[in-house]
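Coordinates in review
One letter stands for each residue in the lines below.
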Amino acid sequence: QVQLVESGGGLVQAGGSLRLSCAASGRTLSTNVMAWFRQAPGAEREFVAGITLSSGTITYYADPVKGRFTISRDNARNMVYLQMNSLKPEDTADYYCAATQHTAIIPLRNVYAYWGQGTQVTVSS
């Protein structure tokens, strides 16, 4: 099993920044890709960004966040981060960290076996 714990959410004004963190523990060596998803009230959970954990890092972003969000990792600390800049009110959602054994970044929630509890991000206009 892999346990994921998110932190770093909060309330920020439009145009501001937040950095989300995801701490992984347990059988982390069984995971190859980690990702961030988000779910706004009344909406489906959607892919935000993903990163491979092997050497030769590969990242992939959903179109709405390209150029504003950056996903990164610290394998030594079993941490994954999501730096969110130029935040917009439409970025308001609960943000979830997820992990999968798949070696490719697949932007579909059912591919990810492990999930954190989520952290809330609210962007005011």
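Just above sits the structure.
Structure report, in brief. Once a new chain begins, its residue numbering starts again from 1 and follows that chain's sequence as written. Owing to the predicted nature of the model, reporting of local features is limited to residues with pLDDT of at least 70; listing and counting of side-chain atom pairs is limited to 80 or more, with chain, interface and lining totals taken over all residues. Side-chain measures were taken over the full set of non-hydrogen atoms in the model, leaving aside hydrogen atoms and water.

Our next topic: the overall build of the protein. The secondary structure listing takes helices from DSSP runs of H or I that are at least 4 residues long and strands from runs of E that are at least 2 residues long, numbered from the N terminus. Counting its secondary structure elements, the protein contains zero helices and 11 strands. Ordered by position in the sequence, the α and β elements of the protein form the string β-β-β-β-β-β-β-β-β-β-β. The C-alpha atoms of the protein give 13 Å as radius of gyration, which agrees with the globular expectation for 125 residues (14 Å, within 12%). C-alpha atoms of the protein, sized along the principal axes, occupy 40 × 30 × 25 Å. The buried label applies to any residue whose accessible area, calculated with a 1.4 Å probe on protein chains only, is under 20% of its type's maximum; exposed applies above 50%, and partly exposed to all values in between. A total of 125 residues make up the protein; the buried ones form 44% of that total. As a reference, a globule follows 2.2 Å times the number of residues to the power 0.38, and the radius of gyration itself is taken over C-alpha atoms.

Our next topic: the state of the cysteines. Among covalent bonds in proteins, the disulfide is the one between the sulfur atoms of two cysteines. In this description, the term disulfide denotes a pair of cysteine sulfurs within 2.5 Å. Taken as a whole and assessed by the stated rule, the structure comprises one disulfide. Between the sulfur of Cys 22 and that of Cys 97 lies a disulfide, 2.0 Å long from S to S. With the S-S bond torsion at -80 degrees, the cross-link from Cys 22 to Cys 97 turns out left-handed. In this pair, Cys 22 sits in strand 3 (residues 18–26) while Cys 97 sits in strand 9 (residues 93–100), placing the two residues 75 residues apart along the sequence. Of the two residues examined, Cys 22 and Cys 97, each falls in the buried class.

Whenever strands of a sheet pair, they do so through backbone hydrogen bonds, lying parallel or antiparallel. Think of it this way: DSSP has to see at least two bridges between two strands before they count as a pair. Here four strands make up an open sheet; going across it, the order is 1-3-8-7 and the pairing antiparallel. Strand pairing shows two members of the sheet lacking a second neighbour, strand 1 (2–7) and strand 7 (69–74), which therefore form its edges. Across the sheet, the axes of successive neighbouring strands diverge by a mean angle of 15 degrees, strand direction being ignored. Note that strand 1 and strand 3 share six bridges and pair antiparallel. Bridge assignment links Glu 6 to a residue of strand 3, and that residue is Cys 22. Each axis is a line fitted through C-alpha atoms, taken for helices only over the stretch in contact, and angles between the N-to-C directions span 0 to 180 degrees.

Every second residue of strand 11 (residues 119–124) is oriented toward a common face, the buried set being Thr 119, Val 121 and Val 123 and the non-buried set Gln 120, Thr 122 and Ser 124. Bridging between strand 2 (residues 10–13) and strand 11 involves four bridges; their strand directions are parallel. Looking at the pairing, Gly 10 lines up with Val 121 of strand 11.

Glancing now at the layout of surface pockets. A cavity here means a set of points on a 1 Å grid, drawn over the protein atoms and nothing else, where a 1.4 Å probe fits but cannot get out; a pocket is an open set with protein on both sides within 12 Å along at least five of seven lines, and a residue lines either one if it has an atom within 4 Å of a point. Grid points are joined across faces, edges and corners, and a volume is the space filled by probe spheres set on the points. One number sums up the size of the largest pocket: a volume of about 240 Å³. Lining of the largest pocket is provided by 15 residues; of these, Thr 28, Thr 31, Leu 53, Asn 75 and Asn 78 occupy positions nearest its centre. If you list the elements that add at least two residues to the lining of the largest pocket, you get strand 1 and strand 8 (79–84). Under the grouping applied here, Gly and all other residues not named as nonpolar or charged are polar, the nonpolar ones being Ala, Val, Leu, Ile, Met, Phe, Trp, Tyr, Cys and Pro and the charged ones Asp, Glu, Lys and Arg. Considered class by class, the residues forming the lining of the largest pocket number eight nonpolar, six polar and one charged.

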